[in-house]
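Per-entry structural report
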Amino acid sequence: MHVPDGFFNAAVSIGAGAFAAAGLAVCLRGARRELDDRTAPMAGLVAAFIFAVQMLNFPVAAGTSGHLLGGTLAAVLVGPYTAVLCVAVVLLVQGFFFADGGLTALGVNITLMAIVTSVVGWAVFRLIVRSAPRSRAAIPVAAFIGAAVSVPVAAMGFTLLFWIGGTAPIDVSSVAIAMGGVHVLIGLGEGLITALTVSSVLAVRPDLVYGAKGLKAKLVLRTADGASTEVAGGPAPAPSRSLRPLLIGGALVTVLLAGVVSFYASSSPDGLEKVAGDKGLNVNERGHSLGGGPLSDYSVKGVQDERLSVGVAGVAGVGITVLAGGAIFYVVRRRNRQGEAEGRLDGDKVSA
Amino acid sequence: MGAGHTHQLYRPGDTVIHRLPPQCKLPAVAAFAVVVVATPREAFWAFGVYALLLAAVAAVARVPARFLLRRMVIEVPFVIFAVALPIIGLGERVEVLGLSLSSAGLWSAWNILAKATLGVVASILLAATTEPRTMLLGAQRLRLPQTLVQIAMFMLRYMDVILDEMRRMRVAREARGFVARDVRHLPVIAKSAGALFIRSYERGERVHLAMLSRGYTGSMPVIDNLRASARSWATASLLPMAALATAVLSWSLT
């Protein structure tokens, strides 16, 4: 899936590069919160692990084998920020040392394979873990769904970028179908191996699984006279921390869906027109005199522009909706959290 | 593993290109890739000039063609994709050797093949003439975020260790008669991956503690002083400059 040079035009490459750089900057800050001064050695070793695991081929169906992308696996094991950093470093090393993936396509590769897979996988994972009852069994299931969703979403992201600035003359809907179909399968394999790996780590060292941090039982101190006090655990990941990746992931999925859906909505008349054009061409062939070439060219161009405008309008509409809704949600959430924080402070005082 | 302390991707040597400071080579190769991508695909001769430029670099660096070709295998999946393009592409069709091919598909197949191959060869030459460690030092001198460079350093340093652990686990699996044939064998592989993760993570913790005990405060001291003179910058910029001149010529011609 490593995109080489020359696959996307310059505008998309630069845009994706800027997006990737911004994402990495955010993740550098976030990873320091997840790992403190351990960031460099821990993330480095996890990156080496991901590099190794990507070489681990596993059988998907008869005769074909796939390999792990590892974005969701890393996010569940070490946290989303560190995961993005690790996968991005793996991609950088592969690009510069192994010539795997073009240097001008690094932005696209990091955006799709590091940021989109990790963030989407983690968002889905958190959503399921938080809505499911608190149990250890929910973790692998959530990891399965997160990983299984993240891969097709990344493939759709590829399709979207290809639609904006791909250099190959393939119908976007056929790219979407081919990429989507293949990557739903790959996603299932990825999900399966992610879930199994997470559950095997969970069985041996549950404390290492970042996504299972909320499962730690509270420490209860019982004194000789029978009184018991709950000790607030260490720096458990507060819901506030997981909110931002969730929001970003949600926005990303929505924008992707909007792009794809609006594209499909506008591509059905295109299909009709194509059939009509075919028939018209037949008529022309019989009539000999009417050359419809440029006309059909113009109509295709017109449809493409329309499609683009519909897509842009869809994405913009979704953006505005998400911004407005997000603002309201954020205000409400903030008020709630203030209440929560005050309550927690009181609790701390009691336990102290 | 028997190759001493040098990495398998690196070809030790003592040529002009080997001696160039990495902070000059990195931007040079990146700029070359950008120029190649920005060249219009109709300018066949420009790509020929780029290939000649790279061949000259390889000759000066004494990187044999066989080494380059062997490393270019990494490109194969996209070559297959590029070959498929003229068959599945849209637009007007042309007859080539009795096959109906899309001319736009042929163009873009050529586009991807040429640009991707040039990019791959440039990256291979960079990796072959620059020690991985010094490449990261060069990245550090180019003001890449410290943390990112450090993560990459630790990754490179321990990559072979981790890969070796994985290889040992594979040998152990296969010594017990395990062959991954279908989906039912996934749990075994997943357990290996889980074990590998625990080993990597615990090794990371040990490495961190060992570094703390040696006075690590979050940043690595710079031991090698990689100064780049104006002359080495000029030498390194020869490749992208020549490419840029070619590209400008091709833009004005088409």
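Reading guide: rules and limits
Residues numbered from 1 in each chain as written. Chains lettered and ligands numbered in written order. Predicted model: local features only at pLDDT ≥ 70, side-chain atom pairs only at ≥ 80, totals over all residues. pLDDT = per-residue confidence, 0-100. Helix = DSSP H or I, 4+ residues; strand = E, 2+ residues; numbered from the N terminus. Buried ≥ 20, exposed ≤ 12 C-beta atoms within 10 Å, placed from the backbone. UniProt positions renumbered as here; feature names shortened; annotations may be inferred. Contact = placed C-beta atoms within 7 Å. Nonpolar A, V, L, I, M, F, W, Y, C, P; charged D, E, K, R; others polar.

Thoughts on the confidence of the model for chain A
Mean pLDDT over chain A stands at 71; residues scoring 70 or higher make up 62%. The least confident element of chain A, judged by mean pLDDT, is helix α8 (residues 239–287) of chain A at 48; the most confident is helix α5 (residues 106–131) of chain A at 91.

A closer look at the environment of A242 of chain B
Residue and element names in this part refer to chain B. Within the secondary structure layout, A242 lies in helix α11 (residues 238–253). With 17 C-beta atoms counted inside 10 Å, the residue A242 sits in the partly exposed group. Taking the C-alpha atoms as reference, A242 lies 48 Å from L212; in sequence the two are 30 residues apart.

Some words on the UniProt feature "transmembrane region" (unreviewed entry) in chain A
All names here are of chain A. Feature annotation in UniProt assigns "transmembrane region" (unreviewed entry) to the following positions: residues 7–31, 43–61, 73–97, 103–125, 137–164, 176–204, 246–265 and 308–332. Measuring from the first to the last C-alpha atom of residues 73–97 gives 24 Å, for a span that is 96% helix and 0% strand. From the first C-alpha to the last, residues 176–204 spans 40 Å; its make-up is 100% helix and 0% strand.

Considerations on the interface of chain A and chain B
Residue-level contacts link 55 residues of chain A with 71 residues of chain B. Of all the secondary-structure elements, those providing two or more residues to the side of chain A that touches chain B are α1 (10–35), α2 (39–54), β1 (57–61), α4 (80–97) and α7 (172–204) of chain A. It is α2 of chain A that contributes the most residues to the side of chain A that touches chain B, 14 residues altogether. Tallied by class, residues from the side of chain A that touches chain B come to 40 nonpolar, nine polar and six charged.

Topic: unusual backbone geometry
All names here are of chain B. Its identity is not glycine, yet R62 carries a phi of approximately 55 degrees, on the positive side. Note on placement: R62 falls in the loop between α3 (44–61) and α4 (65–71). Owing to 14 C-beta atoms within 10 Å, R62 belongs among the partly exposed residues under this scheme. Of note in this structure, R143 is not a glycine but carries a positive phi near 70 degrees. Its location among the elements puts R143 in the loop between α7 (132–141) and α8 (146–175). A residue is classified by how many C-beta atoms lie within 10 Å of it, and R143, with 9 of them, is exposed.

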